[in-house]
Amino acid sequence: MRHFNVTLWAATAVALAALTACKPSSPSPAGAASAAALDSNIEQTLRSNLKQALPDLPTIKAVRATPMQNLYEILLEGNEIVYTDAQGQYLISGVLLDLKNKVDLTDKRTQETNILPFEQLQLQNSIVTKRGDGSRQLAVFADPNCKFCHRWETTLAKLDNVTIYTFLLPILSEDSKQKAAHIWCAADRSAAWGNWMLRQVLPTAAECDTSALASNVEFARTHNIMGTPHTILANGQRIAGAIELPDLEKALQSSAQHGK
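As a starting point, this report considers the structure included with it. Keep in mind that what you see is a predicted model, and the values were worked out from it rather than measured.

A few words on the sheet that holds strand E2 (residues 72-76). In any sheet, the strands associate via hydrogen bonds between backbone groups, in a parallel or an antiparallel arrangement. In spatial order, the strands read E1-E2-E3-E4; together these four strands make up an open sheet with antiparallel pairing. With one partner strand each, in any of the chains shown, strand E1 (60-65) and strand E4 (91-92) form the two edges of the open sheet. In this structure, E1 lies alongside E2, joined through five bridges in antiparallel fashion. Across the sheet, Ile-60 pairs through a bridge with Leu-76, a residue of E2. Set on the sheet, helix H2 (residues 40-53) makes contact with E1, E2, strand E3 (80-84) and E4; between it and E1 the angle comes to about 135 degrees. Contacts from helix H3 (residues 105-113) reach E1, E2 and E3, with the element oriented near 135 degrees to E3.

Next up on the list: H3. Since one α-helical turn is 3.6 residues long, residues separated by three or four positions face the same way. With seven of its nine residues buried, H3 lies for the most part within the structure. Buried within H3 are the following residues: Leu-105, Thr-106, Asp-107, Arg-109, Thr-110, Gln-111 and Thr-113.

Scanning the model with the defined rule gives three aromatic pairs in all. Where Phe-118 meets Tyr-165, the ring centres are 6.1 Å apart and the plane angle is 65 degrees; that geometry is what we call edge-to-face. Here the residue Phe-118 occupies a position in the loop between H3 and strand E7 (127-131), and Tyr-165 occupies one in strand E9 (residues 162-168), the gap between them amounting to 47 residues. Comparing Phe-118 with Tyr-165, the two get one shared label, buried. Relative to Phe-219, the ring of Phe-141 lies with its centre 6.0 Å away and its plane at 0 degrees, an arrangement referred to as stacked. Taken as a pair, Phe-141 in strand E8 (residues 136-142) and Phe-219 in helix H7 (residues 211-222) lie far apart in primary sequence, 78 residues in all. Connected via pairs of aromatic rings, a cluster forms that spans Phe-141, Phe-167 and Phe-219. Across the ring face of Trp-184, the terminal group of Arg-189 is positioned such that the distance to the ring centre comes to 3.6 Å.

Using the criterion set out here, one finds one disulfide in the structure. A sulfur-sulfur separation of 2.0 Å characterises the disulfide bridge that pairs Cys-185 with Cys-208. Between Cys-185 and Cys-208, the S-S torsion sits near -80 degrees, and that sign places the bridge as left-handed. Here Cys-185 is found in the loop between helix H5 (174-184) and helix H6 (189-199), whereas its partner Cys-208 is found in the loop between H6 and H7, with 23 residues between them in sequence. On the accessibility criterion, Cys-185 (12% relative accessible area) is buried. No disulfide involves Cys-146; its sulfur sits 3.1 Å from the nearest other cysteine sulfur, which is in Cys-149. Look at Cys-146 and you get buried, because its relative accessible area is 5%.

How each quantity is defined
Residues numbered from 1 in each chain as written. Predicted model: local features only at pLDDT ≥ 70, side-chain atom pairs only at ≥ 80, totals over all residues. Heavy atoms only, no water. Pairing = 2+ DSSP bridges. Helix = DSSP H or I, 4+ residues; strand = E, 2+ residues; numbered from the N terminus. Contact = heavy atoms within 4.5 Å. Axes fitted to C-alpha atoms, helices over the stretch in contact; angles between N-to-C directions. Buried < 20%, exposed > 50% of the residue type's maximum accessible area, 1.4 Å probe, protein only. Phe/Tyr/Trp six-rings, centres within 6.5 Å; stacked < 30°, edge-to-face > 60°. Lys NZ or Arg CZ within 6 Å of the ring centre and 35° of its normal. Disulfide = S-S within 2.5 Å.

Encoded structure:
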């Protein structure tokens, strides 16, 4: 039996693949199977039997029936999805596919459970960069020493009519914390961030209140933001890692349509 050291890595990898392949959240296609109603006695049995068999199992957040007879979805703390039978005797970790309608049901649920409403972000703790009319919004959690964040910043620099809220998330090293403090305490934070990420030029060291950085780390921990870059779109959908500009543009378009 594998150890349940649950992280968001599996879930975010699936979400990233979906966005890279331009698969925005959308209603199930006509005729797609839907989950049946769950009998409360079955839920109680599953919760009890699974916890008894696996004492170290993370907290069960939700139990749902699936379109497959006698197969049930278990949503664990950390937003990991596994499946079990009606007695909780077997546990399955994998992807559930609706072959008739060509729908990845696990991916669909992963995206639903990983939504982070934009209004929950602590925007006062971010660096605000506005270009053009600033109509499109996204938030990015980034470490100044993360090489993928540097690549992502190069991609973001090509966007127009956008407002980017950058949350400094110095989680890689002590040096990351020092660089983040230099940037946060700069007179022009947006310029300082761009100069470092795009040109490797740090601002002169200055002192200021850096409690926002600790708040960002705590917020990330609470919301299962395990790595950088981690991007939140206006519709709450997440992008884990750096994707290509055309895929980002499509994700932004999907996010804007969702908000209408």
